[in-house]
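# Examining the three-dimensional arrangement
Given next are the chains, with one letter for each unit.
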Amino acid sequence: MPLRPIDAIFVNPERRRYVVYFRGELWQLPRMKIDYAAWQRRQPYDGDINTLYLSSNQAIADPILAQKLRTLNLPAAVRGSTLPRFESWWAFHGFEWLKELLNAGKSPLAAHQSTTTIPSSDDKAAKISVKNETNDTINNTNNPSSSSAETDVFADMLADLTNDVLNRHR
């Protein structure tokens, strides 16, 4: 694999737990909540990998954990796939998919999901995006130091990812 292993969120429907694919290793969270406290209590996953399905939502709401896990806003075609199928897709298509997004100037990070480009024909999605941006603006006004720090961290994460993909693997 030309890149370091990906971070991705999987669901184990049998155990009703999240399983995080972190740099090629599987970690089971103690509950169906993804936050820093759950990450601190993670345990190695020892179950059947065929029972894991890629979560449709890769965004992490907890800003502390989002800085640690560099999850991507993966294409809809791979969401819901099993772990072996996802690994196969990532090995064959992941690097090219990532490279195309970065060359187009788009952020593949799930942390940037609310600011991704929205098709003009989808008015409902545009309204949701405007609402999210308005909420972000209100939050920035109420607490400027924490939100500007978060923005800088995610910008740094994107810069690191761009450097990994575009500059080191030409």
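For the structure, check the block above.
All of these numbers come straight from a predicted model, not from anything done at the bench.

## A short note on the pairing of strand β1 (residues 8–12)
Burial runs high along β1: four of the five residues are buried. Judged from the five bridges that link them, β1 and strand β2 (residues 17–22) form a sheet pairing that is antiparallel. For A8, the partnering residue across the bridge sits in β2 and is Y21. From the end of β1 to the start of β2, which pair antiparallel, there are four residues, and R16 there has a positive phi angle of about 55 degrees. Pairing between β1 and strand β5 (residues 53–54): two bridges, direction antiparallel. By the bridge assignment, F10 is partnered in β5 with L54.

## Quick notes on the packing of aromatic side chains
Applying the stated criterion across every chain yields a total of six aromatic pairs. Note on F22 and W39: the rings are 5.2 Å apart at their centroids and 75 degrees apart in plane angle, and the pair reads as edge-to-face. With F22 in strand β2 and W39 in helix α1 (residues 36–40), the pair connects residues that are 17 residues apart, well separated along the chain. With relative accessibility at 16%, the residue F22 sits in the buried group. Counting every residue linked through ring pairs, the aromatic cluster contains F10, Y21, F86, W89, W90 and W97. Over the ring of W27 we find R42; its NZ or CZ atom is 4.9 Å from the centre of that ring. The cationic tip of R42 hangs over the ring face of W39; the distance from NZ or CZ to the ring centre is 4.2 Å.

Procedures and definitions
- Note that residues are indexed from 1 along each chain, following the sequence as it is written.
- Per-residue local features are limited, in this predicted model, to residues with pLDDT of at least 70; the limit for side-chain atom pairs, both in listing and counting, is 80 or more; totals at the level of whole chains, interfaces and linings are taken over all residues.
- The side-chain numbers reported here are obtained from all heavy atoms of the structure, hydrogens and water having been left aside.
- Accessibility here uses a 1.4 Å probe with only protein chains present; expressed as a share of the type maximum, an area under 20% marks a residue as buried, one over 50% as exposed, and anything in between as partly exposed.
- Where helices and strands are cited, they refer to DSSP runs of H or I of at least four residues and of E of at least two residues respectively, numbered from the N terminus.
- Two strands are counted as paired when DSSP detects at least two bridges linking them.
- Stacked, tilted and edge-to-face pairs are distinguished by plane angle, under 30 degrees for stacked and over 60 for edge-to-face with tilted covering the rest, among Phe, Tyr and Trp rings (Trp via its six-membered ring) whose centres lie within 6.5 Å.
- In this analysis the charged atom, NZ for Lys or CZ for Arg, is taken to sit over a ring once it is within 6 Å of the ring centre and within 35 degrees of the ring normal.

None of this, on its own, says anything about what the molecule does.
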